[in-house]
Amino acid sequence: MTTCDSNLAAPHPLRTASTFFYRRPSLAVYLLLVPPLLWFGTVYLGSLFALLAQSFYAIDEYTATIVRRVTLATYAQLFTQPANLDIVLRTTQMAIAVTIVAAVMAFPLANFMARHARGRVKAFFYVAVMLPMWTSYLVKVYAWRLILAKEGILSWCLSALGLDGILEAVLRTPGIGGPSLSSSYLGMFIVFVYMWLPFMVLPIAAALERVPASLLAASADLGATPSQTFWRVTLPLALPGVAAGSIFTFSLTLGDYIIPSVVGAPGYFIGMMVYQQQGTAGNIPLAAAFSVVPIVLIGIYLALARRAGAFDAL
Amino acid sequence: MTAAIEFRDVRRVFGAIVAVNRVSFAIEPGEFFSMLGPSGSGKTTCLRLIAGFELPDGGEVRLDGIDVSATPPYDRNVNTVFQDYALFPHMSVLDNVTYGLRVRRVPAAECRRQGEEMLALVKLEDTGARRPAQLSGGQKQRVALARALVNRPKVLLLDEPLGALDLKLREEMQLELRSLQRRLGITFVYVTHDQGEALSMSDRVAVFNSGRIEQLDSPQSLYNRPRTAFVARFVGGANVIDGHYAVRAEHIAVADAGAPVPAGAMRVAGTILDTQYHGAVRRWQVRTDDDQLITATRPEGDAAPAGREPGTRVALIWARASQIPLTAD
């Protein structure tokens, strides 16, 4: 009884502080917001702005130093030199292909995880999808190079099955082929899809988890066949998840420079150009201009997705 | 006349739980039929078996005399009003209402005409362009109703449709549903755990308990002649005495411990456990000397002693004529 009384008389200082914040809930929220805002505001937005600013400078061709005067010369160089334009187109095509195939592959998996799997099976699938992310990125890329190599396990398996004719026919296909899978755009595409698939599966699964089962029951009840229900209810409600996932796969492909340099055909990708221009070539304005391309492309993509109604269900 | 819906010895099992245990019944065309029971009693599973969301593990479900035990929901001429309304959040109200027509490829102009007609039927003429999220609970309820009725179903299934509404709105909707059902002549199958709702709206009520129908009867018969202890307690809130007969709480008087027993009356001595004021009535819980719990209600202001405290010895008195024998168990 006496301890109770003394607690009431002199509360603990921490408790006083808690009460202070409890009575002013918005103050606590804003105080907690300060560190992430400082981080985003200065470090992230600051460097993004610096990047943008750099792209409006140009390099002096004789002295190889940056001229700090605003000019569109670097962008002109980016969009008029066919080699640079090729790089932008090649990377964009790859990013679109990877995004579409990742979405098509991820949807059934996410649908199973979110709507059908229960208990341990569900936990297993979520862990299995995330497990590759716990492994070093470089290890996975080099492993894929070995898997896809001319003497690698994949071609060995195919020839053991007597299917090497198919592989050769695929590798002869112009555009995606090459001397071996590990030095073809098809091989690079396979590795990209493998790498980014979890980033597509998880947002779609999260979106599907939020769709009440009664909506699908209602659709069937009103006469819709399973495929009508998919196109009219399931997919529209999962579109925010597909959009989120495709932003990951699209931007990760646009920015990556390791996969194209380890696996795949010799053509340059945006990420490799950025790496090379700001490193060995020392042309930071051009590197910055190349970095702006993915940002603009993502902006266009989001605008299109919004017009297509991808965020209507939000 | 062929039954609108018929269950023949239907079973539905979920793992180790028998949700519906060899249930048989028939619903007549145009009937307002309620399935009443506590949660987990099998009533909602029976509704889902009619809709086709569940398929029976044994027995037959017949619609209009045809066995539909293996027919998917989209091939059945029944529609459902869901407990959570299940309106499509990414469609306008009108698109929700016309959904069933659109998936059957009815021309757009015809969809629009019928959709607006249905919205007018549920008194929501001007909401067609809105999203479900912009509607109140009662309005969502009406949209769900319009969306089901636009398909001109032979049977309308309603799964606790008024559960989320407040009392006043619920009472309004009860009246409205009943008059709508009379006007359209559609068979209504209504699932509820609210016995008052079931009694006031239905032509017949099936009382469910642990996967079986305890009693299927008109509301009057269920209330006045319950056949089992479960029905007596759940439907009428009656006292079951010695397991053999039921006495309604309002038929029991609370008297002084030494009060004389009138001719033709029963008298049980006990102790007041608790008493509550309910506005129009006062309610006593009494533990009898042979350890049964009995509830008595008297109109407030009745001559009965209102001020009695818990712990007071009293006598409970009721007329022998008010005892309802429980025949089924």
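Residues numbered from 1 in each chain as written. Chains lettered and ligands numbered in written order. Predicted model: local features only at pLDDT ≥ 70, side-chain atom pairs only at ≥ 80, totals over all residues. Heavy atoms only, no water.

Chemist: Looking at this structure, I do not really get the overall build of chain B. What am I missing?
Modeler: From N to C terminus, chain B includes nine helices and 18 strands. Each of the three principal axes of chain B carries a C-alpha extent, and together these read 80 × 45 × 35 Å. Of all 329 residues assigned to chain B, the portion counted as buried reaches 53%. (Helix = DSSP H or I, 4+ residues; strand = E, 2+ residues; numbered from the N terminus. Buried < 20%, exposed > 50% of the residue type's maximum accessible area, 1.4 Å probe, protein only.)

Chemist: Honestly, the overall build of chain A in this entry has me stumped. Any pointers?
Modeler: Scanning chain A for helices and strands turns up 15 helices and two strands. A compact globule built from 314 residues would reach a C-alpha radius of gyration of about 20 Å, whereas chain A, at 26 Å, exceeds it by more than 25%. Seen along its three principal axes, the alpha-carbon backbone of chain A occupies a region of about 85 × 65 × 40 Å. Every one of the 314 residues in chain A was classed for burial, and the buried ones make up 38%. Within chain A, residue pairs in contact and separated by at least 24 positions form 66% of the contacts whose partners lie at least 6 positions apart. As displayed, chain A has an accessible area near 18100 Å², and 71% of this comes from carbon and sulfur atoms. (Rg over C-alpha atoms; globule rule 2.2 N^0.38 Å. Contact = heavy atoms within 4.5 Å. Areas by Shrake-Rupley, 256 points an atom, 1.4 Å probe, with all protein chains shown as cover.)

Chemist: Sorry, what's going on with the sheet that holds strand 4 (residues 58–63) of chain B here?
Modeler: Hydrogen bonds between backbone groups are what pair the strands of a sheet, and the pairing can be parallel or antiparallel. Residues and elements named next belong to chain B. The strand order across the open sheet formed by four strands is 2-1-4-5, and the pairing between neighbours is antiparallel. The open sheet is flanked by strand 2 (17–27) and strand 5 (66–67), the only strands paired with a single partner. Looking at chain direction, strand 4 and strand 5 are connected through two bridges and run antiparallel. Its bridge partner lying in strand 5, Arg62 is registered against Asp67. The strands that helix 1 (residues 43–51) touches are strand 1 (5–14), strand 2 and strand 4; relative to strand 1, the one it contacts most, it runs at about 115°. (Pairing = 2+ DSSP bridges. Axes fitted to C-alpha atoms, helices over the stretch in contact; angles between N-to-C directions.)

Chemist: Teacher, can you tell me more about the confidence of the model for chain A here?
Modeler: Atomic detail in the predicted coordinates should be set aside for any region of low pLDDT. Here chain A averages 88 in pLDDT, while 96% of its residues score no lower than 70. Taking the mean pLDDT of every element in chain A, the minimum, 53, falls on helix 1 (residues 2–9) of chain A and the maximum, 96, on helix 11 (residues 213–221) of chain A. (pLDDT = per-residue confidence, 0-100.)

Chemist: Looking at this structure, I do not really get the interface of chain B and chain A. What am I missing?
Modeler: Buried accessible area, meaning the area lost when the parts come together, often serves as the stated size of an interface. Tallying the contact residues gives 25 residues for chain B and 20 residues for chain A. Per-residue buried area on chain B facing chain A is highest for B:Tyr74, B:His90 and B:Tyr99; these three make up 32% of the total on that side. Scanning the region where chain B abuts chain A turns up eight residue pairs in polar contact (both at pLDDT 80 or more). Considered class by class, the residues forming the side of chain B that touches chain A number 14 nonpolar, five polar and six charged. (Buried area = accessible area lost by both parts, 1.4 Å probe. Polar contact = N/O pair within 3.5 Å; in protein donor to acceptor, adjacent residues only side chain to side chain. Nonpolar A, V, L, I, M, F, W, Y, C, P; charged D, E, K, R; others polar.)

Chemist: What am I meant to see in the side chain of B:Thr98 here?
Modeler: Residues and elements named next belong to chain B. Among the secondary structure elements, Thr98 is positioned in the loop between helix 2 (93–97) and helix 3 (99–102). A residue is classified by how much of its surface remains accessible, and Thr98, at 3% relative accessible area, is buried. Once you skip the residues sitting within four places of it in the chain, Thr98 turns out to touch Cys111 and Gly115.

Chemist: So what exactly am I meant to see when it comes to unusual backbone geometry here?
Modeler: Glycine aside, the phi torsion of most residues is negative, and most peptide linkages are trans. Residues and elements named next belong to chain B. Of note in this structure, Tyr85 is not a glycine but carries a positive phi near 70°. Structurally, Tyr85 can be placed in the loop between strand 6 (78–81) and helix 2. With a phi close to 55°, Asp242 is a non-glycine residue in the positive phi region. Tracing the sequence through the fold places Asp242 in the loop between strand 11 (239–241) and strand 12 (245–247).

Chemist: I would appreciate a short explanation of the packing of helix 14 (residues 270–278) of chain A against helix 15 (residues 284–307) of chain A in the present structure.
Modeler: A pair of packed helices can be characterised by two numbers: the angle between their axes and the separation between those axes. All names here are of chain A. Two elements in contact, helix 14 and helix 15, have axes whose closest approach is 8 Å; the angle formed by their N-to-C orientations is 160°. Between helix 14 and helix 15, the crossing angle belongs to the class labelled roughly antiparallel. Handedness of the crossing formed by helix 14 with helix 15: left-handed. Across from Ile270, Met273, Val274, Gln277 and Gln278 in helix 14, the residues of helix 15 making contact are Ile284, Leu286, Ala287, Phe290, Ser291, Val293 and Pro294. A class-by-class count of the residues in the contact of helix 14 with helix 15 yields nine nonpolar, three polar and no charged. (Parallel < 35°, antiparallel > 145°, perpendicular 65-115°, else oblique. Left-handed = near helix turned anticlockwise from the far one by under 90°.)

Chemist: Would you mind going over the pairing of strand 7 (residues 155–159) of chain B with me for this structure?
Modeler: Every other side chain in a regular strand lies on the same face of the sheet, so the side chains alternate between the two faces. Residue and element names in this part refer to chain B. Of all five residues in strand 7, five are buried, a share of seventy percent or more. Burial of strand 7 is two-sided: the residues Val155, Leu157 and Asp159 facing one way and the residues Leu156 and Leu158 facing the other way are all buried. Summarising the sheet, strand 6 and strand 7 pair through four bridges and their orientation is parallel. Pairing of Val81 across the sheet is with Leu158, part of strand 7. Bridging between strand 7 and strand 8 (residues 187–192) involves five bridges; their strand directions are parallel. The residue of strand 8 that forms the bridge with Leu157 is Val189. Between the parallel pair strand 7 and strand 8, the chain is carried across by helix 6 (residues 167–184), and the sense of this crossover is right-handed. (Right-handed = clockwise from strand over helix to strand, strands pointing away.)

Chemist: Would you explain the environment of B:Arg102 in this entry?
Modeler: Relative to the assigned elements, B:Arg102 resides in helix 3. Residues B:Arg102 and B:Arg112, spaced ten residues apart in sequence, show a C-alpha to C-alpha distance of 9.9 Å. For B:Arg102, the residues in contact, after removing those within four places along its chain, are A:Arg232, B:Met91, B:Asp95 and B:Cys111. Engagement of the side chain of B:Arg102 in a polar contact is seen with the backbone oxygen of B:Asp95, the distance being 2.6 Å.

Chemist: So what exactly am I meant to see when it comes to helix 15 of chain A here?
Modeler: Structural remark: α-helix, 3.6 residues per turn; residues separated by three or four positions point the same way. All names here are of chain A. Between its first and last C-alpha, helix 15 extends 35 Å over 24 residues, near the 34 Å set by a 1.5 Å rise per residue. Measuring from the backbone nitrogen of Leu286 back to the side-chain oxygen at the start of helix 15 gives 3.2 Å, which picks out Asn283 as the cap. Phi turns positive, to about 90°, at Gly309, one or two residues after helix 15. (Expected span 1.5 Å × (residues − 1).)

Chemist: In this structure, what is going on with the sheet that holds strand 3 (residues 32–36) of chain B? I would like to understand it.
Modeler: Residue and element names in this part refer to chain B. The strand order across the open sheet built from six strands is 6-7-8-3-9-10, with neighbouring strands paired in mixed fashion. Strands at the two margins of the open sheet, each flanked by one partner only, are strand 6 and strand 10 (212–217). The average undirected angle you get between the axes of adjacent strands in this sheet is 20°. Where helix 5 (residues 137–149) meets the sheet, its contacts fall on strand 6 and strand 7, and the angle it forms with strand 6 comes to roughly 175°.

Chemist: What is the right way to read a nonpolar patch on the surface from this model?
Modeler: All names here are of chain A. Nonpolar side chains collect at one region of the surface, where Phe20, Phe21, Leu27, Leu31, Val34 and Leu38 lie side by side and expose about 500 Å² of accessible area between them. Of all the secondary-structure elements, those providing two or more residues to the nonpolar patch are helix 2 (13–23) and helix 3 (25–55). For the nonpolar patch, the leading source of residues is helix 3, giving four residues. (Patch = residues over 30% accessible without salt bridge, like charges linked within 9 Å, V, L, I, M, F, W, Y side chains within 5 Å. Salt bridge = Lys/Arg side-chain N within 4 Å of Asp/Glu carboxyl O.)

Chemist: I'm lost on the packing of aromatic side chains in this one. Help?
Modeler: Given two aromatic rings, their pairing is described by the distance between the two centres and the angle made by the two planes. Per the counting criterion, the structure on display carries 22 aromatic pairs over all chains. Relative to A:Trp196, the ring of A:Phe192 has its centre 6.3 Å away and its plane inclined at 35°; by these criteria the two rings are tilted. You can see A:Phe192 and its partner A:Trp196 sitting in helix 10 (residues 185–209), four residues apart, about one turn around the helix. Here A:Phe192 falls in the buried class, since its relative accessible area comes to 0%. Three or more aromatic residues link up through ring pairs in this structure, and these residues are A:Tyr137, A:Phe192, A:Trp196, A:Phe199 and A:Phe248. Seen from the ring of B:Tyr223, B:Arg248 lies directly overhead, with NZ or CZ sitting 3.9 Å from the centre. (Phe/Tyr/Trp six-rings, centres within 6.5 Å; stacked < 30°, edge-to-face > 60°. Lys NZ or Arg CZ within 6 Å of the ring centre and 35° of its normal.)

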